Amino acid sequence: AFAEHCTNGLSGNVVVIGLGAIGLSCAMLLHYHGCNVIGVDIQEHQLQTAKELCCDYVFNSRETDAAAAIRELLGGKRVDYVVDAVFNEWSLGFNQKILKKGGTMIEIGVPLADPKVNTLVLLCRELKLETRYLYSEIDFLRAMEYRNGSCPSAFHRYCAIRADMKSENLRLQAEEPRSTTSHK
């Protein structure tokens, strides 16, 4: 329901920053609704899962200048929307670099500290900063429609991938050598 609340009505080129559970859910809904979804994260496994399930492109912002890569990907253009599941000073600055004039950043992460934002950039480029915190009853009902069958198979594939990852982690843990020291 929260992902529906965060993405309802978005279209065009959308960047999702932070591909954890909430960000990935938002990316899946955006993909389902026909958006060109670009994922940004610093965790390679999150990027791989997002690429497999729903993102048209993914960028590791720790390893590459993701803002420059996105602009190059779009032929110098900027994006319409950013769904930001990180919400810190870095992500706010990143959003301002990639949004087109009049674009919208939707902040959905809960910040660890009060992030500073360059209000002059917001003003001069007419950027919109929106936040989402809780979902409405309508969002919940829309989410129930996905549960009742109109949901893309991506959600089911995500569950299967997570189960495979858990199995692989358990297998690796079982192969680790056991400590032979005794506790006295």
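Everything below is about the structure printed above this text.
All of the points below concern the structure found in this document.

Rules used throughout
- Residues numbered from 1 in each chain as written.
- Predicted model: local features only at pLDDT ≥ 70, side-chain atom pairs only at ≥ 80, totals over all residues.
- Heavy atoms only, no water.
- Helix = DSSP H or I, 4+ residues; strand = E, 2+ residues; numbered from the N terminus.
- Buried < 20%, exposed > 50% of the residue type's maximum accessible area, 1.4 Å probe, protein only.
- Areas by Shrake-Rupley, 256 points an atom, 1.4 Å probe, with all protein chains shown as cover.
- Contact = heavy atoms within 4.5 Å.
- Pairing = 2+ DSSP bridges.
- Axes fitted to C-alpha atoms, helices over the stretch in contact; angles between N-to-C directions.
- Lys, Arg positive; Asp, Glu negative; His and termini not counted.
- Salt bridge = Lys/Arg side-chain N within 4 Å of Asp/Glu carboxyl O.
- Parallel < 35°, antiparallel > 145°, perpendicular 65-115°, else oblique.
- Left-handed = near helix turned anticlockwise from the far one by under 90°.
- Nonpolar A, V, L, I, M, F, W, Y, C, P; charged D, E, K, R; others polar.

### Side note on the overall build of the chain
Looking only at helices and strands, the chain features 8 helices and 6 strands. For the chain, buried positions account for 39% of its 184 residues. On the chain, roughly 10800 Å² of surface is accessible, and the fraction owed to carbon and sulfur atoms is 53%.

### Remarks on the environment of Cys26
Along the chain, Cys26 falls in helix 2 (residues 21–32). Residue classification places Cys26 among the buried positions, given a relative accessible area of 0%. Note: C-alpha distance between Cys26 and Val83 (57 residues apart in sequence) is 7.9 Å. Contact partners of Cys26, with chain neighbours within four places excluded, come to Ala3, Cys6, Thr7, Val83 and Ile108.

### Re the sheet that holds strand 2 (residues 36–41)
Pairing is parallel across the open sheet formed by 6 strands, whose spatial order is 3-2-1-4-5-6. The open sheet is flanked by strand 3 (57–60) and strand 6 (128–131), the only strands paired with a single partner. Pairs of neighbouring strands in the sheet enclose a mean axial angle of 20°, with direction left out of account. Pairing of strand 4 (residues 79–84) with strand 5 (residues 99–107) involves 5 bridges; the strand directions are parallel. Directly across from Tyr81, in strand 5, lies its bridge partner Thr104. Helix-sheet contacts for helix 4 (residues 66–73) involve strand 1 (13–17), strand 2, strand 3 and strand 4, and the interaxial angle to strand 3 is about 155°. Each of strand 1, strand 2, strand 4, strand 5 and strand 6 touches helix 5 (residues 89–98); the most contacted strand, strand 5, lies at about 150° to it.

### Digging into the side chain of Arg125
Structurally, the position occupied by Arg125 is in the loop between helix 6 (119–124) and strand 6. One buried charge, Arg125, has no salt-bridge partner; the nearest side chain with opposite charge is Glu126, at 9.7 Å. Setting aside its immediate chain neighbours within four residues, Arg125 contacts Arg78, Gln96, Leu99, Lys100, Lys101 and Gly102.

### Section: the packing of helix 2 against helix 3 (residues 44–53)
The interhelical angle for the contact between helix 2 and helix 3, taken along N-to-C directions, is 20°, at an axis separation of 10 Å. With respect to helix 3, the element helix 2 is oriented roughly parallel. Taken as a pair, helix 2 and helix 3 cross one another with a handedness that is right-handed. Between helix 2, through Leu24, Met28 and His31, and helix 3, the contact on the second element is made entirely by Thr49, Ala50 and Leu53. When the residues that make up the contact of helix 2 with helix 3 are grouped by side-chain class, the tally is 4 nonpolar, 2 polar and no charged.

By themselves, these are just geometric observations and shouldn't be taken as functional.
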